[in-house]
Every structure is written in C-alpha cells, then in structure tokens.
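# Structural features, examined
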Amino acid sequence: MTFIDGTVVNVALPALQADLHATITDVQWVVEAYALFLGSLILVGGAMGDQLGRKRVFLFGVVSFTAASILCGLATSPRLLIIARALQGIGAAFLVPGSLAIISATFSDADRGRAIGTWSGFSAITTAIGPVIGGWLIQHVSWRAAFFLNVPLAAIVVVLSLLFMDESRDESRTARIDWSGALLGVLGLGGIVFGFLEWPPLGPGHPLVIGSLAMGALSLVLLVVVERRARNPMMPLDLFRSRTFTLANVLTLLLYGALGVVLFLLPLYLIQIQHYSATEAGAALVPLALIMFALSRWAGGLVARTGPRLPLTVGPAIAAIGVGLFARGGISGSYWSTVFPAVCLLGLGMTITVAPLTTTVMGAVETHRAGVASGINNAVARVAGLLTIAVFGVLLAHRFDAEIGHRLDRLALPPAVRAEIGKELPKMAGAELRNVAMESGRRGVVQRSIDDAFVSGFQLVVIGAAILALAAAAAGAGIRSAMMVKTVQED
C-alpha cells in the first residue's frame, strides 16, 4: 500500500493539478504534507508498536491510512487534499515500521532472512507495477482512483492480519514514548518546509516566511537539547558519535534527497511537457524498479566480496550521472535516448548503494541498538525528499519566473492579456490558457514560452540534484576512510 502510494501519487499530480486548479505550491504540499508526518513520526510509530503491541499499532495504521486515502479521493479542493495527505502520513507512520518488526518477531533466525527477502521482493514488484496500474486508472478513470486503490488492499490486509498474525511486543520497553521529541520534529521540519514552499509566492521577506523558517530552526535546536536529556529519546544522539554512522546518514540524506526531487518533478515534466499519458509516465520509471529487483542479490554478494566501502562511493557517483542525464531532455526527444539511459543509470547506482548502506548503518553501532539505528536511517531517508522538494522548489520557481518574464516581455502582449496569463503562471507547466483572450497562434507561442521556462528550471534542479548525489559519493569516500581507520585500530 505505501510503496504503491509513494509512486502513484507523483504520477497523479498533473491530473489533480488540472482538476483542482492547483498551483505548483499546492502540488508540492500534496507530496510534502504526507512526507512531513511520515518522516517525523515514523520513529514514534515503531516505539508504539514495540510497547503497545505491533499487530495492534500496525492495524491502526492500516485503517487510518485507508480512511485518509478515502478522504484524499473525495477532496474537492487543494486544501482539503493536503489535509487528507497529512492524515495519510500519520497513518503511514504507524503502518510502515510495523511490517519488518512483525516479520522479525514472527520468524526464527533460520527463516527470517527468507521472509525479509520475500518482503523486499513484493516491495520491488509493487514499486514497478504500481505506477503503471495507477497511471492506467488515472488516465481511464480518475486521479481519485489512485487513492481508492488502497481500500481493497486494506480490506485484504486487515482480514489476513486478524486471521493469521500473532500479537508481539517488547516486554523490556516500559519507558514513556518521547512525544516532546516527536512534536519538536514536526514543528521543526514543518516550519522549514512551510517557509521554503511559501517563499516563491510570498517572497523571502514576507513575515510568514521568515517566521516559519525561524520557528523551524528554533524547534530543531530545541529537539537536539531535548533528545540529549530525554530518558528514552526518540533519536539517541550518542549514536552519532560514530563517524561511520554519521556519514552513512549524511549519504542517505543527500542521495535520497536527490532521488526525491527527481521523482517529484519527472512525472510533471513527462506529462505536461512531453505530453505522455499517465500510463506512459508511470511505465517510464519501471526500469529503475526492475534493475533494483534483478540486481539486489548481486549487490548483496558484492558487499560480501568487497565490503561496503567501495560501493558507497561508486554507487552514488553512478546515480549522480543518471540524475544529471535527465537535464538532456528538452521540449522534444525520444524516451529511449533521453529518459531511459538516465533511469537505468539511476537504478544501477541505487542498487549498488542500498544494500551496503544498510549494512554499514547496522554495523556502525552495537548489535542491541541495530533496530534504533535502522529506524533513524529510515527516517532520514524519508525526510530527505521532504527537504529537497521544498528547497529546490525555490530554485525552480526563481528560474521559471526569470525565464518566463523575459520571454513574455519580448512578445509585447497587451496589459490585460498579460494579467490573465499572470494568473495562470503559479501553475507553471500546468497553466491553462484556453480562456485567455488571444489568437490561437499567439496562444501557442505563449504556451511554448511557458514550457521552455519550466524546462529551464527543471534542468537547473536536476543538475543541483546530481551535485547532491556527487556529495553523497564524497560522504561514501569518508565512510571508507573511517572504516579503514577503525579496521587498523582493531588490528
């Protein structure tokens, strides 16, 4: 459910933007509201499962996630959809961490590896086919069907869970849940994201933007203070004394941040600029999931042969090349010569990176804290896209506004027409010019100008994302050095 939702919603963005007359900021919030609460509360969701019962919390997450999905499908305005997506993120925070925890508690050591392998296989399969099925539903039914798809899946999950799943909990966990840390995490990330998302429409000097960024920064500082003093912290800061653990999470933040912003913008580019159907846009990313599925065992063997040090440098570097290749696309160009090579290299780079990264995170701390370390790394991966979509959105808007302003100035449009066009520009490539009073030939020129301006911003953003991935490779090289020092000291 969550893997399908995470990929299908991006494909649905152009359709819901047109149907709800949403601006590009609204579209960003549709993605960010979900990621904000999932990333902020996922550690709390895992702790609640350990303490209150993993089956109970898991089923609560399934039901609440599904109820919020129904609200998403019924939304009649961007604001209602954003609120429903936030509720969906809260439900996912209780659903996502429970799945692996239940597997670990249910299966013996001998069978656990195969069970997790099955879980990973189904995750890869749904990641591959989800956008295609969702794209078909969006194209032939409605974007709302992408959310209603969760209802039958949830019904199956609930029935199977009630019939076959045993309850489990961590009897040693008696300390109270770190709600203060969770609240500060939501306020901190929410303030930063709100400030950056509202920066383009309001301007950097607007009191709401400045106040949101200041509140977010202050909340994150207080989070560090609170987590240092908490008896049972949501995020134990002493884990970051390990240089390897710290650099592994820096790598995760940078690489998954680059991936998040690409997966957000690519469907908009393919559907609104290249005029792909929703099904075709969903299928465009299938090679990424197939490569990760087909080569996952090979990547695991690579770790056993070479250790995680080399892959954590080479993998992000290959991913960076793949991300950079997306900048080659313009208004025209075939899928096979532009998008396909970029998707394949990105998939190869991620495949080489993921297994060694997990191994490094788990191996950087004591065995009894491996679960907490894995949870923190998972939360970092979720937060990465949340932050980069917000920050790079400012870059996209700045380049788009500059480009479209120059292009429209050269057209010498009447003031009334220019004003009507200006009302649509916050939608960027989703701008609708049908109701603007001008000749069809001139309308085509304006539409081409809008498309060119969006492509210019898209290219700038993906180049920035490629730089992030290269920085992740540098962090991987640092991990290699740290692990070499540790090995020498142990010898």
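Thresholds, definitions, all that
- Residues numbered from 1 in each chain as written.
- Predicted model: local features only at pLDDT ≥ 70, side-chain atom pairs only at ≥ 80, totals over all residues.
- Heavy atoms only, no water.
- Helix = DSSP H or I, 4+ residues; strand = E, 2+ residues; numbered from the N terminus.
- Buried < 20%, exposed > 50% of the residue type's maximum accessible area, 1.4 Å probe, protein only.
- Areas by Shrake-Rupley, 256 points an atom, 1.4 Å probe, with all protein chains shown as cover.
- Phe/Tyr/Trp six-rings, centres within 6.5 Å; stacked < 30°, edge-to-face > 60°.
- Salt bridge = Lys/Arg side-chain N within 4 Å of Asp/Glu carboxyl O.
- Axes fitted to C-alpha atoms, helices over the stretch in contact; angles between N-to-C directions.
- Parallel < 35°, antiparallel > 145°, perpendicular 65-115°, else oblique.
- Left-handed = near helix turned anticlockwise from the far one by under 90°.
- Nonpolar A, V, L, I, M, F, W, Y, C, P; charged D, E, K, R; others polar.
- Contact = heavy atoms within 4.5 Å.

### A look at the overall build of the protein chain
From N to C terminus, the protein chain includes 17 helices and zero strands. In terms of overall dimensions, the protein chain has a C-alpha envelope of 70 × 50 × 45 Å along the principal axes. Looking at the 491 residues of the protein chain, the share that counts as buried comes to 53%. Surface summary for the protein chain: the accessible area is close to 21500 Å², and the carbon and sulfur share equals 66%.

### Quick word on the packing of aromatic side chains
Counting across every chain of the model gives nine aromatic pairs. Here the aromatic rings of Phe-60 and Phe-94 are separated by 5.5 Å at their centres, their planes lie at 75°, and the arrangement is edge-to-face. Here Phe-60 is found in helix 3 (residues 54–74), whereas its partner Phe-94 is found in helix 4 (residues 78–106), with 34 residues between them in sequence. Judged by its relative accessible area of 10%, Phe-94 is buried. Between Tyr-335 and Phe-340, the aromatic rings sit 6.0 Å apart at their centres with planes inclined by 55°, giving tilted as the arrangement. Through a chain of ring-to-ring contacts, three or more aromatic side chains come together here, namely Tyr-335, Trp-336 and Phe-340.

### Details of the pattern of salt bridges
Summed over the entire model, instances satisfying the criterion amount to 10 salt bridges. Across the pair Glu-420 and Lys-423 runs a salt bridge, and its minimum N-O distance is 3.3 Å. Of this pair, Glu-420 and Lys-423 both sit in helix 16 (residues 415–424), three residues apart, which is roughly one turn of the helix. On the basis of relative accessible area, Glu-420 is assigned to the partly exposed category, the value being 36%. In this structure, the salt-bridge partner of Asp-452 is Arg-448, at a minimum N-O distance of 3.4 Å. Of this pair, Asp-452 and Arg-448 both sit in helix 17 (residues 440–490), four residues apart, which is roughly one turn of the helix.

### Regarding the packing of helix 2 (residues 24–52) against helix 4
Closest axis-to-axis distance for the helix 2/helix 4 pair is 6 Å, and the angle between their directions is 25°. Of the possible angle classes, the one that applies to helix 2 and helix 4 is roughly parallel. Of the two possible hands of crossing, helix 2 and helix 4 adopt the one that is right-handed. For the contact of helix 2 with helix 4, a count of residues per class yields 20 nonpolar, four polar and two charged.

### Digging into the environment of Leu-87
Mapped onto the elements, Leu-87 comes out in helix 4. On a C-alpha basis, the gap between Leu-87 and Arg-410 in space is 46 Å, while along the polypeptide they are 323 residues apart. Beyond its immediate chain neighbours, meaning those up to four positions away, Leu-87 contacts Ala-68 and Leu-71.

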